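# Examination of the molecular architecture
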Amino acid sequence: MAAAGAEAAAEEEKRLPEGDPESGGDSDDEGDSDSSGDGEDEEKENEAEIQRLEEQLSINAFDYNCHLDLIKLLRQEGELVKLRRARQKMSELFPLTEEIWLDWLKDEIKMASEISEREKVYELFERAVKDYICPEIWLEYAQYSIGGIGQEGGIEKVRSIFERALTAVGLHVTKGTALWEAYREFENAILETAQPAPGSIPSPEQQQVLCSQLEKIHTLFRRQLGIPLLDMEASYAEYEEWSEEPIPETTIKNYKKALQQLEKCKPYEEALLGAETPKLAEYQAYIDFEMKAGDPARIQLIYERALAENCLVPDLWARYNQYLDRQLKVKELVLSAHDRAVRNCPWTVGLWIRYLLAMERHRVEHSIISEIFEKALNAGFIQATDYVEIWQAYLDYLRRRVDFTQDSSKELEELRSAFARAVEYLKQEVEERFSESGDPSCTIMQNWARVEARLCNNMQKARELWDNIMTKGNAKYANMWLEYYNLERAHGDTQHCRKALHRAVQCTSDYPEHVCEVLLTLERIEGTLEDWDAAVQKTENRLARVNEQRAKAAEKEAALAKQEEERAEQRKQARAEKKASKKAKKTRTGDKRKADEDDEGEWGQEEELPSKRHRGEGDGVLPEEDMEVETGLFGRSEKPDGPAIPKEKASTSRKDIPKVFHDSSKDKVTVFVSNLSYTMAEPEAKLRELFGSCGEVVEIRAVFNNKGTFRGYCYVQFREEEAARQALALDRTAVEGRPMFVSPCVDKNKNPDFKVFRYSTTLEKHKLFISGLPFSCTKEELEEVCKAHGNVKDIRLVTNRAGKPKGLAYVEYENEAQASQAVLKMDGLTVKDHVIKVMISNPPLRKLPDRPEPGRASLPLAPRQIYGARGKGRTQLSMMPRALQRQSNLVAKAENGMVQNSPATSSDPPAEPKKMSNADFAKMLLKK
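Residues numbered from 1 in each chain as written. Predicted model: local features only at pLDDT ≥ 70, side-chain atom pairs only at ≥ 80, totals over all residues. Heavy atoms only, no water.

### Focus on the overall build of the protein
The number of helices and strands found in the protein is 34 helices and 11 strands. Counting the 928 residues in the protein, one finds 41% classified as buried. Restricting the contact set of the protein to residue pairs at least 6 apart, pairs at least 24 apart contribute 65%. Counting every atom, the protein has about 51300 Å² of accessible surface; 50% of that belongs to carbon and sulfur. (Helix = DSSP H or I, 4+ residues; strand = E, 2+ residues; numbered from the N terminus. Buried < 20%, exposed > 50% of the residue type's maximum accessible area, 1.4 Å probe, protein only. Contact = heavy atoms within 4.5 Å. Areas by Shrake-Rupley, 256 points an atom, 1.4 Å probe, with all protein chains shown as cover.)

Rendered as structure tokens:
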């Protein structure tokens, strides 16, 4: 192609008129030299970019967009050899889209002149039609095959390709007609060549060929008219005009039946035409319709159409493969669909497991199944548990291959070797990547032990495996010991059962009573008197220790609660003393504050500050002194007449303001607004304008302190409840450079479980959590990076209360498949010299220390944990010097609720600090 382009350029250059001095020929030469120089620069840039893309693919071969960019550049530069190699590599890793295949095929068709080259194009077409059901590719395939009609068997080959195309996409309601028409045109062309010369009489052989060809065209018309296709009325009219004989009644009956079926399909086709990508809901409705009709060919086609537009949706592949496995059961069709599924969604372990089962079901060779399993291990799953599942599926397959009637076999050794490799793989490869093996209860080792005990009669190996399981932190769980005990009961002996239960009584921390009961039951049925006495003594001692530990835990919990009450009382007294000292000081200076004293009940209650909101999804807990928070509590009830007033005039201006108390019956029409700037001028007017779009605002109660300074929060009351609900949509709106918090007006003293955090704090597989972003990264810049991997529904940049970015973001995609693909391609990406980390959104659970679960021991938390992640707030300062404060000892808490003894843990509750006078404090400081 490059040579042909050069020749064409040379011919064009010869046809151009030569420049002369009068016509400015010299200037034209200068322009040509400039353009050639620009072309050389562009060519060098393209070469450098090609080299960069090739290097990037050598590092990460699964970078889909990098493959596309490289192919585009190579096609632009005419590098045919590199272009073919790049397309080949991409097709080995990913199924190619219709556009990529058509471009590739057209380029190869232009270069194919020899018979051997045409055969390579045929092979390329065969690969193309296997990726997706594409009518355009089938039509291109059939038309290309017509070019080889002059070769031996060429006509039959063309017909064979047309028949395969009709089988694949001939039922396509909107695009199938084009294939039927192309097939008829081909047969009509054959008919023209079979016609005798004008004026001549055809021989019997010619007459037979002519009749046979006519019958082929008749058959094509009749077959097409029996299928619901768009514009089938035009096909029927064409058949009436073409046929010299009347249309058979059977054909007319089938045609009318197809028309009725077309009317049923039209609503679904129209819904698809009007819907936006990915059209999942519309395709699912169409699939359900065809499933009820029960035609396997039509069901297969609508699934294929849906997958062509939603190839990255694992659930759709899973449903399609399940249908093929259970209904059609055609080996080539089933295995092809499974192979395409894992190539499109390699991160979905369920598709790999179904693929392994399908290959075993259709008796595929063991070497091929093992090869597919190795590919699955390199697929890049996003959870550690996925590797456990794929290993378990492969081990199940290997176990089914073993003939356990033989003492030893090649298959059995391979199974044992695979078990050992699985344990080692989870320990090294998976733990290194996820910081966990994904198999904390050692299910694979448990299954291995069961196989050895039950199928191989090798209890010694089973005991070794269970010993290994218990050393991995499982000895404290009663269910693990009982599982081992049941295995010993079924395949071992009483001695080992007794030994296992004695160890269980000693080690179990979650349900020791249950284990003790099992031991006593064993000795009651099978044990001697000595065994019974030993079991009773052991269980009584163990339960006594357990009860003692529980009593200590309860004491510590009570002590912690008492400490909390004392601290609260101290804080209350400290505030009261501080307030009294301020009043006394101002009285001594002669400043009369009678108005302030009157307002103290409503405007001066410092202890009734709104409580902090518990945050999730990366929004860290911030100090209380920064700004008031967004939970709606009723602490201030007086409504100011106007904006904040100067400090020196605060007392006199407040004196004449009537008191307005909060009416809790209006909570449903009121919202609580917080995190506003302290320096906001005229907050009432500003907020009335902002919230006016939601509905009629009845009242805005801005909260000020005794000095007349705006406190950054207020209550907005509407006329209608619907307006209050609409106002919640303004949450996080930027007001004077800060995100404004809007939440329902709820008294948390009456509703302690009420939460206003509007984002999910659970696992969301369609949402990503991104950390390490530069603070200068905007929402638009991040969206530009993320949208290359799927349709982005929402992006949320996490900010602090001042509206400053924290380098964190949440990106929501349309489905789990797009999010999983984005994790694979974006994790470790560099954005403005910052390497970002990308993972599926799964915020850690937050433990609330102030409300321990009933019946369970809670931890005495350190002061840092008591007062929040960032320590004490300004209103939480203790009135005791830090040197005299004592922290409570921490109690180790088992995973299932049992409290373990620790050498550093005292059984007695912490002693109360001795109260000291000012003189005592002075003496202590002088000693230092």
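Now that the structure has been shown, we can carry on.
### Focus: the sheet that holds strand E5 (residues 738-744)
Taken in spatial order, the 5 strands make up an open sheet running E2-E3-E1-E5-E4, and their pairing is antiparallel. Edge positions in the sheet fall to strand E2 (697-704) and strand E4 (733-735), since each has one partner strand and no second. Strand after strand, the sheet turns through a mean of 30° between neighbouring axes, direction not considered. Along the sheet face, helix H29 (residues 683-691) touches strand E1 (670-674), E2, strand E3 (710-718), E4 and E5 and points at about 140° away from the line of E2. (Pairing = 2+ DSSP bridges. Axes fitted to C-alpha atoms, helices over the stretch in contact; angles between N-to-C directions.)

### Focus: the pattern of salt bridges
Here the structure, examined in full by the defined rule, presents 43 salt bridges. Close ionic contact of Arg340 with Glu304 constitutes a salt bridge, the shortest N to O distance being 2.6 Å. Of this pair, Arg340 sits in helix H16 (residues 331-344) while Glu304 is found in helix H14 (residues 296-309), placing the two residues 36 residues apart along the sequence. Neither residue differs from the other here; Arg340 and Glu304 are each classed as buried. A salt bridge links Glu812 to Lys793; the shortest N-O distance between them is 4.0 Å. Of this pair, Glu812 sits in strand E8 (residues 805-813) while Lys793 sits in strand E7 (residues 792-799), and the two are 19 residues apart along the sequence. By relative accessible area, Glu812 is classed as buried at 18%. (Salt bridge = Lys/Arg side-chain N within 4 Å of Asp/Glu carboxyl O.)

### Focus on the pairing of E5
Here E5 lies mainly inside the structure; 6 of its 7 residues are buried. With 4 bridges connecting them, E1 and E5 associate as antiparallel partners. By the bridge assignment, Val671 is partnered in E5 with Pro744. Note that E4 and E5 share 3 bridges and pair antiparallel. The residue of E5 that forms the bridge with Val735 is Arg738. Between the end of E4 and the start of E5, which pair antiparallel, lie 2 residues, with Glu736 showing a positive phi angle near 55°.

### Some points on the nonpolar core
In this structure, Ile390, Trp391 and Ile444 are the most contacted members of the largest nonpolar core, which totals 112 residues. In contact with Ile444, not counting residues within four places along its chain, are Val388, Trp391, Gln392, Leu395, Phe419, Ala422, Val423, Leu426 and Asp439. Counting 51 residues, the second-largest nonpolar core is a separate cluster that includes Tyr122, Val129, Ile190 and Leu220. (Core = buried A, V, L, I, M, F, W, Y, C linked by side-chain atoms within 4.5 Å.)

### What about the sheet that holds E8?
A sheet is described by the order of its strands in space; here 4 strands give the open sequence E7-E8-E6-E11, paired in antiparallel fashion. In this open sheet, the two strands that pair with only one neighbour each are E7 and strand E11 (837-841). Averaged over all pairs of adjacent strands, the angle between their axes in this sheet comes to 25°, without regard to strand direction. In this structure, strand E6 (residues 764-771) lies alongside E8, joined through 4 bridges in antiparallel fashion. Looking at E8, one finds that Phe769 is bridged to Tyr810. With respect to the sheet, helix H31 (residues 779-786) is in contact with E6, E7 and E8, its orientation differing from that of E7 by roughly 135°.

### Brief notes about the pairing of E2
With 7 of 8 residues buried, E2 is to be regarded as a mostly interior element. By the bridge criterion, 6 bridges tie E2 to E3 in an arrangement that is antiparallel. Looking across to E3, one finds that Glu699 is bridged to Gln717. The loop that links E2 with its antiparallel partner E3 comprises 5 residues; one of these, Gly708, has a positive phi angle of about 90°.

### Things to note about the packing of aromatic side chains
Enumeration over the complete set of coordinates arrives at 31 aromatic pairs. Look at Phe125 and Tyr144: their rings are 5.8 Å apart centre to centre, the planes differ by 35°, and that puts the pair in the tilted class. With a gap of 19 residues between them, Phe125 in helix H6 (residues 115-131) and Tyr144 in helix H7 (residues 135-146) connect regions that are remote in the sequence. For the pair Phe125 and Tyr144, a shared accessibility class is recorded, and that class is buried. Seen from their ring centres, Phe704 and Phe710 are 5.7 Å apart, and the 55° between their planes marks the pair as tilted. The rings of Phe373, Phe381, Tyr387, Trp391, Tyr394, Tyr397, Tyr425 and Phe434 are connected pair by pair, giving a single aromatic cluster. The ring centre of Tyr144 lies 4.3 Å from the NZ or CZ of Arg118, which sits over that ring. Note that Lys157 overlies the ring of Tyr122, its terminal NZ or CZ placed 3.6 Å from the centroid. (Phe/Tyr/Trp six-rings, centres within 6.5 Å; stacked < 30°, edge-to-face > 60°. Lys NZ or Arg CZ within 6 Å of the ring centre and 35° of its normal.)

The quantities given are spatial measurements derived from coordinates; they are silent on function.
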